[in-house]
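Single-letter residue listing:
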Amino acid sequence: MRHLMSPLDFTVEELEKLFDLANDIEANPDKYKHICEGKKLATCFYEPSTRTRLSFESAMYSLGGQVLGFSDAGSSSAAKGESVSDTIRMISCYADICAMRHPKEGAPMVAATKASIPVINAGDGGHQHPTQTLTDLLTIRSLKGRLNHFTIGLCGDLKFGRTVHSLINALVRYENIKFIFISPEELRIPDYIIDMLKAKNIPFEEVIRLEDSMPELDLLYMTRVQRERFFNEEDYVRLKDFYILDKKKMQCAREDMLVLHPLPRVNEISVEVDDDPRAAYFRQVQYGVYVRMALIITLLELQEG
Ligand code: CP
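Residues numbered from 1 in each chain as written. Predicted model: local features only at pLDDT ≥ 70, side-chain atom pairs only at ≥ 80, totals over all residues. Heavy atoms only, no water.

Student: Would you mind going over the nonpolar core with me for this structure?
Tutor: Generally speaking, soluble globular proteins have nonpolar side chains that are buried together. With 63 residues, the main nonpolar core has Leu154, Ile168 and Phe179 as its most contacted residues. Broken down by element, the residue count for this core peaks at ten residues, all from helix α11 (residues 281-299). Excluding residues within four positions of it along the chain, Leu154 makes contact with Val164, Leu167, Ile168, Phe179, Ile180, Phe181, Ile182 and Tyr221. (Core = buried A, V, L, I, M, F, W, Y, C linked by side-chain atoms within 4.5 Å. Buried < 20%, exposed > 50% of the residue type's maximum accessible area, 1.4 Å probe, protein only. Helix = DSSP H or I, 4+ residues; strand = E, 2+ residues; numbered from the N terminus. Contact = heavy atoms within 4.5 Å.)

Student: Looking at this structure, I do not really get the sheet that holds strand β1 (residues 40-45). What am I missing?
Tutor: Each strand in a sheet pairs with another by means of backbone hydrogen bonds, the pair being arranged parallel or else antiparallel. Across the sheet, which stays open at both edges, the four strands sit in the order β2-β1-β3-β4 with parallel pairing between neighbours. The open sheet has two edge strands with one neighbour each: β2 (66-70) and β4 (119-124). Neighbouring strand axes in the sheet, compared pairwise and without regard to direction, differ in orientation by 15° on average. Bridging between β1 and strand β3 (residues 97-102) involves five bridges; their strand directions are parallel. If you follow Thr43 over to β3, its bridge partner there is Ala99. (Pairing = 2+ DSSP bridges. Axes fitted to C-alpha atoms, helices over the stretch in contact; angles between N-to-C directions.)

Student: Whenever I open this one, helix α5 (residues 130-144) confuses me. Can you help?
Tutor: Spacing of three or four residues puts side chains on the same side of an α-helix, whose turn is 3.6 residues. Counted at 1.5 Å a residue, the expected span for α5 with its 15 residues is 21 Å, and the 21 Å between its end C-alpha atoms agrees. The element α5 is largely enclosed, with a buried count of 13 among its 15 residues. Gly145 sits one or two positions beyond α5 and adopts a positive phi of about 80°. (Expected span 1.5 Å × (residues − 1).)

Student: Would you mind going over the domain arrangement of the protein with me for this structure?
Tutor: Quoted interface sizes are often the accessible area lost when the parts come together. Domain assignment breaks the protein into domain 1 (7-128 + 287-299) and domain 2 (131-285). Measuring from the centre of the C-alpha atoms in domain 1 to the corresponding centre in domain 2 gives 25 Å. Overall, the association of domain 1 and domain 2 removes approximately 2500 Å² of surface from exposure, summing both partners, and the carbon and sulfur fraction of that is 55%. The three residues of domain 1 that bury the most area against domain 2 are Phe19, Arg51 and Tyr287, which together make up 30% of that side's buried surface. Between Glu47 and Arg162 there is a salt bridge, with the nearest N and O atoms lying 3.2 Å from each other. At the surface where domain 1 touches domain 2, the tally comes to 18 residue pairs in polar contact (both at pLDDT 80 or more). Here the side of domain 1 that touches domain 2 takes eight residues from helix α1 (residues 12-27), the largest share from any one element. (Domains from an automatic or database assignment. Buried area = accessible area lost by both parts, 1.4 Å probe. Salt bridge = Lys/Arg side-chain N within 4 Å of Asp/Glu carboxyl O. Polar contact = N/O pair within 3.5 Å; in protein donor to acceptor, adjacent residues only side chain to side chain.)

Student: Looking at this structure, how should I read the packing of α5 against α11?
Tutor: A pair of packed helices is captured by two measures, namely the crossing angle of their axes and the spacing between those axes. Look at α5 against α11: their axes get within 8 Å of each other, and the N-to-C directions meet at 115°. Considered as vectors, α5 and α11 are oriented roughly perpendicular to each other. The chirality of how α5 crosses α11 is right-handed. Packed against α5, whose contacting residues are Thr131, Gln132, Leu134, Thr135, Asp136, Leu138, Thr139, Ser142 and Leu143, the element α11 presents Arg283, Gln284, Tyr287, Gly288, Tyr290, Val291, Arg292 and Leu295 at the interface. Classifying every residue of the contact of α5 with α11 by side-chain character gives seven nonpolar, seven polar and three charged. (Parallel < 35°, antiparallel > 145°, perpendicular 65-115°, else oblique. Left-handed = near helix turned anticlockwise from the far one by under 90°. Nonpolar A, V, L, I, M, F, W, Y, C, P; charged D, E, K, R; others polar.)

Student: In this structure, what is going on with the packing of aromatic side chains? I would like to understand it.
Tutor: For any two aromatic rings, the description comes down to two numbers: the centre-to-centre distance and the angle of the planes. All told, the structure shown has five aromatic pairs when counted by the stated rule. The cationic tip of Arg2 hangs over the ring face of Phe10; the distance from NZ or CZ to the ring centre is 4.5 Å. (Phe/Tyr/Trp six-rings, centres within 6.5 Å; stacked < 30°, edge-to-face > 60°. Lys NZ or Arg CZ within 6 Å of the ring centre and 35° of its normal.)

Student: Would you mind going over helix α7 (residues 191-199) with me for this structure?
Tutor: Of all the residues in α7, the buried ones are Ile193, Ile194, Met196 and Leu197. Angular distribution of buried residues about the axis of α7 spans 160°; they occupy a single face of the element. Facing away from the buried side of α7, by more than 90 degrees, are the exposed residues Asp191, Lys198 and Ala199. On its buried face, α7 sits against α6 (162-171), β6 (177-182) and β7 (204-207). (Arc of directions from axis to C-beta.)

Student: I'm lost on the sheet that holds β7 in this one. Help?
Tutor: Across the sheet, five strands lie side by side as β7-β6-β5-β8-β9; this open sheet has parallel pairing. Here the strands that pair on one side only, and so sit at the sheet edges, are β7 and β9 (258-260). Between one strand and the next, the sheet's axes are offset by a mean angle of 20°, whatever the strand orientation. Pairing between strand β5 (residues 150-155) and β6: six bridges, direction parallel. Along β6, the bridge assignment pairs Cys155 with Ile182. α7 contacts β6 and β7 of the sheet and is inclined by roughly 150° relative to β7.

Student: Honestly, the pattern of salt bridges in this entry has me stumped. Any pointers?
Tutor: Any two side chains of opposite charge can pair, given that their charged atoms come close. Per the stated rule, a full pass over the model turns up 16 salt bridges. Put simply, Glu16, Asp20 and Arg141 are held in one network by salt bridges that share partners.

This is the structure in structure tokens:
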């Protein structure tokens, strides 16, 4: 039985197979519409979500399966003090696979040690968000045709943004990737990631101004300032609008640069950018459904037909 805690749980070759499957699902959805008949997905979300929870649910329904779960810790027995370890033992009796989001880093990992069904980390605190990373990689591969030879700018809250941490971990396995980290001083990328990049001799720069880096980028990954991880509101208010990507800044970018964002967006991308053909963040959401369909099939070890 396999779980997904980090994008590194799959080898690069396994990821290629997963993305091939996702692309086949996109091209031939009818082939897969009964594959999960009789199977149930539990979505256990202890933290708010729109995309991750609903895309998992949409994925399972599109595969012919069923869904149960909770979207708020307050409506589950966590509110009475039940531990994640006990909860997953119950969920293992009710469902065949579980996607779990939790504000505490490592909580889905704890669940995986007690589960008798596959557990998927759907985001744990400021740590990892592996299915967002699968979504990001599938989007890049599908729209650019490759996952190597890129300069990627990651902009915004690089300290608390778990999607950024997961994506960097995944991308270092591909050839000739250069990272440009664009953030205010207070929201710099964590030192453990810098140390990892130095140890692997992977090129990176840390800068504050977005405009200066734009002409160099093949990909721009914008992120929201993570209000829920701040210790005081004053700091959040001071930093929340530090970056706003607008039409003027897009004029400095290459014709084929893609703008990605895990969403939700607050103010960091002006809505005027949405119509720019380089804005890929809503297409990214659709790829998130295909890749979660492929992931469910893979972890349940199902065969089409
Ligand atoms: N990208 C993402 O994780 O969105 P949600 O928080 O809405 O699930």
